[in-house]
Structures are given as C-alpha cells and as structure tokens.
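# Examination of the molecular architecture
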Amino acid sequence: MRLKLLTNLNTLLLISVCLALGATLWWSQQALERPYQLMARYLSLSQSFQQDVAQNIHDYLASGDALRHSAATQAIGQFAGDLDSLPRDLATDLQPSLLELQDFTANDLLAAGKLAGDPQGLLLQAEREMSGALEQLAAYADSSNAGSAYYAPLFQAAQHLSRLGHARGKLVSSGRSELRSEVEHELSQLNQQAQRLNDLPLLGVSAQKSDDSTDFSALLGLDSEASSQPVEDQGIALKREFSSLLQRYPGELQRTRALIEQRQQLAGSTQAKVGALQQALAAIEPQVRAQYGQIQGQVQLLQGLMIGLILLIALTIDTIQRRLTNVLHRLVPALSAWAAGDFSG
C-alpha cells in the first residue's frame, strides 16, 4: 500500500508541474499583451485629440464657423469618455486640464470665434467712405469754373488718405504701438486739408431735384413756393460729411485695436488650454511605457518562482524514487530466497 501511495504521489507531482507551467505561460502571455494594448489606447487618444479637438478649435478661431465649435465640443466629450480606457491613475492626471478645456470651450472660446474675420473691416469701410466723399467733392469742384481752388487740397487729401491706409495696415498687423504716431500724423494732415476745404468759398452749385419731383410740384402748383425757398449749396453737405468721417475715424481705430487685442488674448488663452492638455498627455507617456517594465518584472518573478517550484518538485520526486530504490534493495535477499523455495525466513 505504501509503494502505491508513493507512486501516485510521484505522478501527481509531475501533473502539477505540467499544469503550473502551462498556467504560468498563459498568464505571462496575457500580462505582456496589456502594456501593448495600453500603448495603443494612449496613441489613439493622442491622435484623436490632435485631429478632432485641437484642429477643430484652431479652425473655429480662424473662421468663426459654429459647426467647428460644435465638432470641437463633441470631440472633447468623446475624448473624456475614452479616458476610461486608461488606468485610473493615468486618467486622473488628465482630468484637471480636460475640465479646464471643456469649460473654456463652452464659454470663452465661443466668444473668441465671434471675433473671427477681418478686424479691420470698419476702418476699411470708413476709408472707402472718405474716398467717396473726396470724389464727390472733386465732382462738385468740376461743376463750376471757380472750382480750381479745390483741386490742391483734394489732391493732398487723397494722398494722405492713401498713406493713412498703409499706416493703419502696418499698425494693425504688427500691433506695434510706436506706429500709431504715423496714423495720427496722417489723420492730422487730413484734418488740415478738411479745414482748408471748409475755408474755401462755396461754388453756388445746388443739389438738383429729379424731373419727376419738379413735374409733380408744377402739377400741384407748388413749384413757385419751392422756387421761393433758398436752396442749400451742395458743397455744404459734402464738406460736412467728409469732416464727420474724419471725426469718427479715431474712435473706430481705437475699437479695432481693442477688438484685435481681445482676440489675441483669447487666442493665447486657447493655445494655453490646448497646450496644457497636450503636455499632460505627453507627461503620462513615460508612465505608459513604464507599465511594460512593471509587468515584465512581474512575469520574470513568477517564472522564477515556477522554476524554484519545479526544482523543489524534482527534488521531492528524486527523494521518493531513492526511497523506493532503498526499499527494493532491502527486499532483494528475501525475494531471492523465496525464489529458491526457502520460505523459512
């Protein structure tokens, strides 16, 4: 009975070694796949953030397209949901930057997009209107033989208006405050020319009424009353309009500069928020790569334990086999006597 137990124990130990070795290989395979899967999820998150979140935010700042803002908001929500695929400690490191970007996108970024477009539109429109006023004054001067005195100030005003456009473009595009003096100089020159035009005598050119209005007045018998009323010289309204445009220009320039500064501040804040999350993503990359080293260490430890266990079982089996051999050696004399027919022992 004892020999049978020893034989069964020997077989059981061999089976245990096989099962333990198979379980170790299976666990090692599964464990080594986890860091690769984690790295794949990390790379997917980084790519989706760059393509879906950051790109849509930059496009919205440039165009002000509401669809881009909606796409960026949805991409941030999707990104937040995908964070669950990362380990909790890694996802926790990204949460503060992600929450700040979500809040910024829903509020300040929406305002920044509304400032998109050409910020100099108001100034360009004002300059076009001043150019149109100068053309009307030139036509007014051409309508009278005495209008030659208007040519010199009109020509100089047109020159300074062109220089004003160049100075304004450099000031707005560069943002250098020292260029403001050039704009102010050209405005001062334009005001001087406007004053010269105002000081010139009127040319006696009245605004002409349409023929339909004249015929209608004659039909009602009101043409005599209209002719008795003094008619305003056309130059009065033209000069007043040009002076009014010049007076409004500095305020529009100030509003444009404030608009550009606000847009730059919001764009800078946007870059900071996006950059913070990008830095947070880059900061967890070493931790993601370290996961492979940790799991590899665990696999090596388990394999070392298994090697030790196999050696222990081998020693146990060797001890059992030695005991069986000793028992058989002690039985040899008795078995030989029995085989010779001596049953006296």
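Attention here is on the structure that accompanies the text. (Residues numbered from 1 in each chain as written. Predicted model: local features only at pLDDT ≥ 70, side-chain atom pairs only at ≥ 80, totals over all residues. Heavy atoms only, no water.)

## Things to note about the overall build of the protein
Stated precisely, the cut-off is as follows: Numbering goes from the N terminus for both helices and strands, where a helix is a DSSP run of H or I of at least four residues and a strand is a run of E of at least two. Think of it in three bands: with a 1.4 Å probe and only protein chains considered, a residue is buried below 20% of the maximum accessible area for its type, exposed above 50%, and partly exposed in between. Only heavy atoms matter for contacts: two residues are in contact if any of them lie within 4.5 Å across the pair. Here the open area of atoms and residues is found with the Shrake-Rupley method and a 1.4 Å probe, where only the protein chains shown may cover a residue.
Of regular secondary structure, the protein possesses ten helices and zero strands. Helices (α) and strands (β) of the protein occur, in sequence order from the N terminus, as α-α-α-α-α-α-α-α-α-α. Looking at the protein residue by residue over its 345 residues, the buried ones come to 32%. When contacts within the protein are restricted to residue pairs at least 6 apart in sequence, long-range pairs at least 24 apart make up 84% of them. Carbon and sulfur atoms form 56% of the exposed surface of the protein, whose accessible area is close to 21,000 Å².

## A few points about the packing of helix α2 (residues 66–82) against helix α3 (residues 88–106)
Heads up, the condition is: Every axis in this analysis is a line fitted to C-alpha atoms, fitted for helices over the stretch in contact. Angles between the N-to-C directions lie between 0 and 180 degrees. Here the word oblique covers every angle except those under 35 degrees (roughly parallel), over 145 (roughly antiparallel) and from 65 to 115 (roughly perpendicular). With the far helix as reference, a near helix turned anticlockwise by less than a right angle produces a left-handed crossing, and one turned clockwise produces a right-handed crossing.
Interhelical geometry of α2 versus α3 gives an angle of 160° and a closest axis separation of 10 Å. Considered as vectors, α2 and α3 are oriented roughly antiparallel to each other. Seen from above, α2 lies across α3 with left-handed handedness. Here His69, Thr73, Ile76, Phe79 and Ala80 of α2 lie close against α3, whose contacting residues are Leu98, Leu101, Gln102 and Thr105.

## A look at the environment of isoleucine 313
In this fold, isoleucine 313 is placed in helix α10 (residues 234–340). Overall, isoleucine 313 belongs to the buried group, its relative accessible area being 9%. Sequence separation between isoleucine 313 and leucine 14 is 299 residues; the distance between their C-alpha atoms is 7.9 Å. Residues within four places of isoleucine 313 in sequence aside, it is in contact with Leu13 and Val17.

## Focus: the packing of aromatic side chains
Rule in force here: Only rings of Phe, Tyr and Trp enter the pairing, Trp through its six-membered ring, and a pair is recorded when the two centres are within 6.5 Å. The plane angle decides the type: under 30 degrees is stacked, over 60 is edge-to-face, the rest tilted.
Enumeration over the complete set of coordinates arrives at two aromatic pairs. Relative to tyrosine 150, the ring of tyrosine 140 lies with its centre 5.8 Å away and its plane at 80°, an arrangement referred to as edge-to-face. Residue tyrosine 140 is located in helix α5 (residues 121–142), and its partner tyrosine 150 is located in the loop between α5 and α6 (151–174); the two are separated by ten residues in the primary sequence. Its relative accessible area of 1% is what places tyrosine 150 among the buried residues.

## A word on the packing of α5 against α10
In plain terms, the rule: Throughout this entry, Asp, Glu, Lys and Arg are counted as charged residues, while Ala, Val, Leu, Ile, Met, Phe, Trp, Tyr, Cys and Pro are counted as nonpolar. The remaining residues, Gly among them, count as polar.
Two elements in contact, α5 and α10, have axes whose closest approach is 9 Å; the angle formed by their N-to-C orientations is 165°. Judged on the interaxial angle alone, α10 and α5 are roughly antiparallel. Handedness of the α5/α10 crossing: left-handed. Class assignment of the residues belonging to the contact of α5 with α10 gives a composition of 14 nonpolar, four polar and six charged.

## Notes on the side chain of glutamate 252
Along the chain, the position of glutamate 252 falls in helix α10. By relative accessible area, which is 11% here, glutamate 252 ends up buried. Discounting residues that sit within four places of it in the chain, glutamate 252 has contacts with Leu122, Leu123 and Ala126.

## Notes on the nonpolar core
Here is a general trend for soluble globular proteins: nonpolar side chains tend to be buried in one another's company. This is how it is decided: Working definition of a nonpolar core: buried Ala, Val, Leu, Ile, Met, Phe, Trp, Tyr and Cys residues. They are joined through side-chain atoms within 4.5 Å.
Counting residues in each nonpolar core, the largest one holds 32 residues, and the members touching the most others are Met130, Tyr150, Leu164 and Phe242. Residues in contact with tyrosine 150, not counting those within four places in the same chain, are Tyr140, Ala141, Leu197, Leu200, Pro201, Leu202, Leu203 and Lys239. One finds Met39, Phe79, Leu94 and Ile284 within the second-largest nonpolar core, a separate group that totals 31 residues.

## Points about a nonpolar patch on the surface
Our working rule: In this scheme, patches are assembled from residues that exceed 30% relative accessible area and form no salt bridge. Like charges are connected within 9 Å, while nonpolar side chains (Val, Leu, Ile, Met, Phe, Trp, Tyr) are connected within 5 Å. By definition here, a salt bridge exists when the distance from a side-chain nitrogen of Lys or Arg to a carboxyl oxygen of Asp or Glu is within 4 Å.
Taken together, the side chains of Leu328, Leu331, Leu335 and Trp338 make up a nonpolar region of the molecular surface, amounting to roughly 390 Å² of accessible area. Structurally, the position occupied by leucine 331 is in helix α10.

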